[in-house]
Every structure is written in C-alpha cells, then in structure tokens.
Amino acid sequence: MESNRFTGSSGEIPAVLVPPTDGPFRHRAARFRDLARSRSSLAGYLNLMADLAEIQAGLWNDAAAALPLDMAGLPENPAWRATLRSIADRLTPGEPGLASLLNRIRQATDQELAIWGNGVLAGEFDHTDAGITPLAAAALQIHMTSFASRLEKEGLGPTRNDATCPVCGSLPVASVRQTGGAVHGLRYLVCGLCGCEWHRLRIQCTHCGSSKEVAYFAIEGGSDAVKAEGCGDCMTYVKIMDRDKDAAVDPFADDIASLAVDLLMAEEGYRRLGFNPLLVPGG
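Note that the structure is predicted; figures quoted are calculated from it, not measured.

**Q** In this structure, what is going on with the overall build of the protein? I would like to understand it.
**A** Across its full length, the protein carries nine helices and nine strands. Radius of gyration (C-alpha) of the protein: 18 Å, near the 19 Å computed for a compact globule of 283 residues. Along the first, second and third principal axes, the C-alpha set of the protein runs to 50 × 45 × 30 Å. Expressed as a percentage of the 283 residues in the protein, the buried residues total 49%. Of the contacts made within the protein by residues no fewer than 6 positions apart, 61% connect residues no fewer than 24 positions apart. Of the accessible surface of the protein, which amounts to about 12,600 Å², a share of 49% is contributed by carbon and sulfur atoms. Side-chain charges in the protein split into 26 positive and 34 negative, and the spacing between the mean points of these groups amounts to 2 Å.

Quick look at the structure:
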C-alpha cells in the first residue's frame, strides 16, 4: 500500500496526513480478520466488518471516478446511493437479521437513503436503524476517503477546533501514535469518515485542551497498543493506539476489538469524544 502523504514544509511537523491513494480498506480487512482470530466473543462482527472492508476496497476505483464536489451534500449524490446499494448487493447476509437490513436498503427510496446518510454525517442516529448505520457509513467512507486521498497539501492545516477533522469536520474515531520519518512518536487524531489524520499533542485533552488531569486506562491482560486517554477535568476520553507496540494497528478495527476499554471508561464515568461509525452507540 502506498504510504500516507504528508503536508507541511520540509522540517516541519506535518499538520495533516491524507489517506493513501489506493485506500486503507484492504489493510483494514486483513486487520479485522486477524483480530477475529483472537477475539472469540467478537469474531462474528469482526469478520462481518472484514467482509465490508473488502467490499469497500472493491468499490474504490468506482468511487475515484465519481469524486464528490461537496462532501456535505454527498447523501444527495446518485453515485453515493449507487455505492450503498452495491454494498447491499455484495454483502453476504449470513443471518436473517442482516438479510432483512440488506433488503431494506435495496428497497429504500432515494429520500430514505439520503436521510440515513445525512444522519451519519451529523452524528445523529435516532431515525436510523443501528444495523443500517454502519453500512451507510461504509458507503460514505469510500467516497470521502477517495476525495481526501487526492487533496493537494496547499491549504490543509489545523482547524480552530482541532477536535474535528480539518477536511470534513467530523469527529475522530481514535488517535494513533505514529512511527517512522517525520511523524515518529507523534499523536494524530483519525477522522471517522474521510480518514484524514491531524496532529494533536499527547497528554492533552482532545476536547478541552487541559493537560492537568489526563490519565491513561487499559484492560489488564489486553493489548498494550490500545489505551484510553481520559481527562479528569471534562470527563471525556479518546483511545490512543501505539504503532510502536503493534505496527498493524487500524483505528477502526482495533477500536471495535477493544470494546472492553469503552466499558471500563463508562464505569469510571467518562464519555467518549467521537464514535466509530462502523459500530455506533446502541448498535
């Protein structure tokens, strides 16, 4: 896979990393498969997400040929609706509940599809079936990631509110401690939809900016590569994944595989900043 391209002048810390031009989905599918082998209680869902990521990879070239001009209006775009329907056609049902959801997508009107897509973009899921949301998000990811991978470095930089993606405005799914080159040891937040990554200092709350009450939480016996960075001031947290400890980490796959960390943080009274669109709250 082509490595991420960095923005910023030579010698500077890259402010934004854009996705590889051949997409992240084949690596993500392999990571889901690998994690499924060691997470028996989550294996069914992890393998389903591996199937979904493989479909995303297979639709990548079609998305590249139909790049959106406006990511905010993507759910109104016929190309995105065709992508979501293609996902429904290609995904193997496996069990009756999923078969019913796939049929709902195939039979849905353009207006219904747009409502589902706009709900994902807004982070509002009250009017969308929790089982449909990850599929709608997967279709959005294909187009938004394809768009982001082709952005020129000029004009990309940190936002005033650096808790949100500087490209599409979405919240992060997690953060990653990078390895190699100019980004070695640096923490980047990862957008839950377009896949762009933006630099954020470690030991600093992503939500409120405080560094006074930041602490790290992990599950005993769990992966050393995945922890939660929690802020005692505003009681929010973001997961941080360390590629020095596991080079194969994928923020979407490893997030789902580490649901025990989310349960721990909920018990401690923290709320999560951002979400994984492949496993929404209540899903």
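**Q** Any chance you could explain the side chain of Asp242 here in plain terms?
**A** Within the element layout of this structure, Asp242 appears in strand E8 (residues 236–242). Owing to a relative accessible area of 13%, Asp242 belongs among the buried residues under this scheme. Every residue in contact with Asp242, bar those within four places of it in the chain, is listed here: Arg177, Ala225 and Val249.

**Q** Please explain the packing of helix H6 (residues 110–122) against helix H7 (residues 133–149) as it appears in this structure.
**A** For any two helices packed against each other, the geometry is given by the interaxial angle and the distance between the axes. At a closest axis distance of 9 Å, the pairing of H6 and H7 adopts a crossing angle of 75°. One way to sum up the angle between H6 and H7 is to call them roughly perpendicular. Residues Trp116, Gly117, Val120 and Leu121 of H6 touch H7, and the partners they reach there are Thr133, Ala136, Ala137, Leu140 and Met144. The residue makeup of the contact of H6 with H7, split by class, is seven nonpolar, two polar and no charged.

**Q** Looking at this structure, I do not really get H6. What am I missing?
**A** Turn by turn, an α-helix covers 3.6 residues, leaving residues three or four places apart pointing in a common direction. For H6, with 13 residues, the first-to-last C-alpha span of 18 Å sits near the 18 Å given by 1.5 Å per residue. The complete set of buried residues in H6 reads Leu113, Ala114, Trp116, Gly117, Gly119 and Val120. Of the residues flanking the end of H6, it is Gly123, one or two places downstream, whose phi is positive at about 70°.

**Q** Mind showing me how you'd approach the pairing of E8 here?
**A** As a general feature of sheets, a regular strand has side chains that alternate between the two faces. The buried fraction of E8 amounts to seven of the seven residues, a majority that puts the element mostly inside the structure. Alignment of strand E3 (residues 172–177) against E8, held across three bridges, turns out to be parallel. If you follow Val176 over to E8, its bridge partner there is Met241. Pairing of strand E7 (residues 226–231) with E8, which is carried by five bridges, proceeds in the antiparallel orientation. Considered in E8, the bridge of Ala228 is made with Lys239. Hairpin geometry of E7 and E8 is characterised by an intervening segment of four residues between the two adjacent antiparallel strands and by a positive phi of about 60° at Met235. With two bridges connecting them, E8 and strand E9 (residues 271–272) associate as parallel partners. Paired with Thr236 across the strands is Arg271, a residue of E9.

**Q** Looking at this structure, I do not really get the nonpolar core. What am I missing?
**A** A general tendency of soluble globular proteins is for nonpolar side chains to be buried together. Within the largest apolar cluster, 66 residues are counted, with the highest numbers of intra-cluster contacts made by Phe32, Trp80, Leu84, Ile87 and Leu135. Sort the elements by how many residues they give to this core and H7 lands first, with nine residues. Setting aside anything within four residues of it in sequence, one finds Leu84 in contact with Ile105, Leu113, Leu135, Ala136 and Ala139. With seven residues, the next largest nonpolar core counts Phe217, Tyr237, Leu264 and Tyr270 among its residues.

**Q** Could you clarify how one ought to interpret the side chain of Arg28 in this entry?
**A** Tracing the chain through its elements places Arg28 in helix H1 (residues 25–38). Overall, Arg28 belongs to the buried group, its relative accessible area being 6%. Excluding its chain neighbours within four sequence positions, the residues that come into contact with Arg28 are Ala53, Gln141, Asp250 and Phe252.

About the thresholds
- Numbers given for residues are sequential positions, taken from 1 along each chain in its written order.
- Thresholds applied to this predicted model are a pLDDT of at least 70 for local features of residues and 80 or more for the giving and counting of side-chain atom pairs; totals over whole chains, interfaces and linings are not thresholded and use all residues.
- Heavy atoms from the whole structure form the basis of all side-chain values; hydrogens and water molecules are not counted.
- For helices the rule is a DSSP run of H or I covering at least 4 residues; for strands it is a run of E covering at least 2, with both sets numbered from the N terminus onward.
- Here the globule rule reads 2.2 Å times residues to the power 0.38, and the radius of gyration is calculated from C-alpha atoms.
- We call a residue buried when its accessible area falls under 20% of the maximum for its residue type, exposed when it is over 50%, and partly exposed in between, using a 1.4 Å probe and counting protein chains only.
- Contact between two residues is taken to exist if any of their heavy atoms lie within 4.5 Å; hydrogens are not considered.
- Areas reported as accessible are Shrake-Rupley estimates using a 1.4 Å probe. Residue values count occlusion only from the protein chains shown.
- Asp and Glu are treated as the negative residues and Lys and Arg as the positive ones, with His and the ends of the chain left uncounted.
- Note that the charge is assigned to NZ on lysines, CZ on arginines, CG on aspartates and CD on glutamates.
- To obtain each axis, a line is fitted to C-alpha atoms, and for helices this fit is confined to the stretch in contact; angles are then taken between N-to-C directions over 0 to 180 degrees.
- By the definition adopted for this analysis, an angle is roughly parallel if under 35 degrees, roughly antiparallel if over 145, roughly perpendicular if from 65 to 115, and oblique otherwise.
- Each residue gets one of three labels, nonpolar for Ala, Val, Leu, Ile, Met, Phe, Trp, Tyr, Cys and Pro, charged for Asp, Glu, Lys and Arg, and polar for the others, Gly among them.
- Helix span, expected: 1.5 Å multiplied by one less than the number of residues in the helix.
- DSSP calls a pair of strands paired once it identifies at least 2 bridges connecting them.
- In these notes, a set of buried Ala, Val, Leu, Ile, Met, Phe, Trp, Tyr and Cys residues joined through side-chain atoms within 4.5 Å is what counts as a nonpolar core.

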